[in-house]
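Fold and contact review
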Amino acid sequence: MSDNRAKDRSAITAVLQGVYQAWDAGDADAFVADYTQEATAILPGSLRASREEIRQSMAAGFASFLKGTTTTDRQLGIRFLGRDGAIVVSETGILFPGESEVPADRVTYATWVLEKTDGAWLVAGYHNSPAKPAS
């Protein structure tokens, strides 16, 4: 069983690395390539209720205020929910052009929900919130 979990951990990590690589490339289609059709993304003040809504939002962002941005990500843990579900918690942030470090007020904690479908891990849900409460 632990060998299967090691393979699952590796596959999940690869999915999330792909998402962040797509962000760094500004590629909205690649960004959602490993999302389920019904995926949701909740960010402070907003809900994107499908893979297509997430793709459209990211495409608009990459064409404007997110143009040229990259991301940081530090995986804090993976917890499995049965055989075909997993929750990943990470610390992440957006680097704008010219920045080498994410300012503390833009660091977020993220929760990823993944499900294994036909042998592949897919993102089913994403939520983030600021790492530190606003003062």
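In what follows, the structure referred to is the one given above.
The following paragraphs examine the structure supplied in this document. Here the structure is a predicted model, which means the values were calculated and not measured.

**Quick notes on the sheet that holds strand β4 (residues 85–95)**
- Spatially, six strands are ordered β2-β1-β6-β5-β4-β3 in an open sheet, and the strand pairing comes out mixed. Since the sheet does not close on itself, it has two edges, and those belong to β2 (46–48) and β3 (70–81), each with one partner. Recorded for the sheet is a direction-independent mean angle of 15° between the axes of neighbouring strands.
- Across eight bridges, β4 lies against strand β5 (residues 108–117) in antiparallel orientation. In the strand pairing of β5, glutamate 91 is matched with tyrosine 109.
- The strands touched by helix α3 (residues 51–63) are β1 (35–43) and β2; relative to β1, the strand with the most contacts, the crossing angle is about 55°.

**Remarks on the pattern of salt bridges**
- This model, assessed by the stated rule, comprises six salt bridges.
- Here aspartate 29 makes a salt bridge to arginine 55, at a shortest N to O gap of 3.7 Å. Remark: arginine 55 occurs in helix α3 and aspartate 29 occurs in helix α2 (residues 28–31); sequence separation between them is 26 residues.
- By relative accessible area, arginine 55 is classed as partly exposed at 23%.
- The partner of arginine 74 in a salt bridge is glutamate 91, and the shortest N-O contact between them spans 3.4 Å. In this pair, arginine 74 is assigned in strand β3 and glutamate 91 in strand β4, connecting sequence segments 17 residues apart.
- Residue class for arginine 74 comes out partly exposed when judged on its relative accessible area of 47%.
- Looking at glutamate 91, the relative accessible area reads 24%, which means it is partly exposed.

**Let's talk about the pairing of β4**
- Among the eleven residues of β4, eight are classified as buried, and the element is accordingly described as predominantly covered.
- Pairing between β3 and β4: eleven bridges, direction antiparallel. Of the residues in β4, the one forming a bridge with leucine 81 is glycine 85.
- Hairpin connection from β3 to β4: three residues lie between these consecutive antiparallel strands, with glycine 82 at a positive phi of about 70°.

**Regarding the layout of surface pockets**
- Estimated volume of the largest pocket: approximately 590 Å³.
- Residue lining of the largest pocket: 26 residues in total, with Trp23, Leu43, Ile94, Tyr126 and Asn128 positioned closest to the centre.
- Taken together, the elements giving at least two residues each to the lining of the largest pocket come down to α1 (2–25), β1, β2, α3, β4, β5 and β6 (120–130).
- Looking at which element gives the most residues to the lining of the largest pocket, the answer is α3, with four residues.
- When its residues are assigned to classes, the lining of the largest pocket shows 16 nonpolar, eight polar and two charged.

The rules behind each value
Residues numbered from 1 in each chain as written. Predicted model: local features only at pLDDT ≥ 70, side-chain atom pairs only at ≥ 80, totals over all residues. Heavy atoms only, no water. Pairing = 2+ DSSP bridges. Helix = DSSP H or I, 4+ residues; strand = E, 2+ residues; numbered from the N terminus. Axes fitted to C-alpha atoms, helices over the stretch in contact; angles between N-to-C directions. Contact = heavy atoms within 4.5 Å. Salt bridge = Lys/Arg side-chain N within 4 Å of Asp/Glu carboxyl O. Buried < 20%, exposed > 50% of the residue type's maximum accessible area, 1.4 Å probe, protein only. 1 Å grid on protein atoms, 1.4 Å probe; cavity = no way out; pocket = protein on both sides within 12 Å on 5 of 7 lines; lining within 4 Å. Points joined across faces, edges and corners; volume = space filled by probe spheres on them. Nonpolar A, V, L, I, M, F, W, Y, C, P; charged D, E, K, R; others polar.

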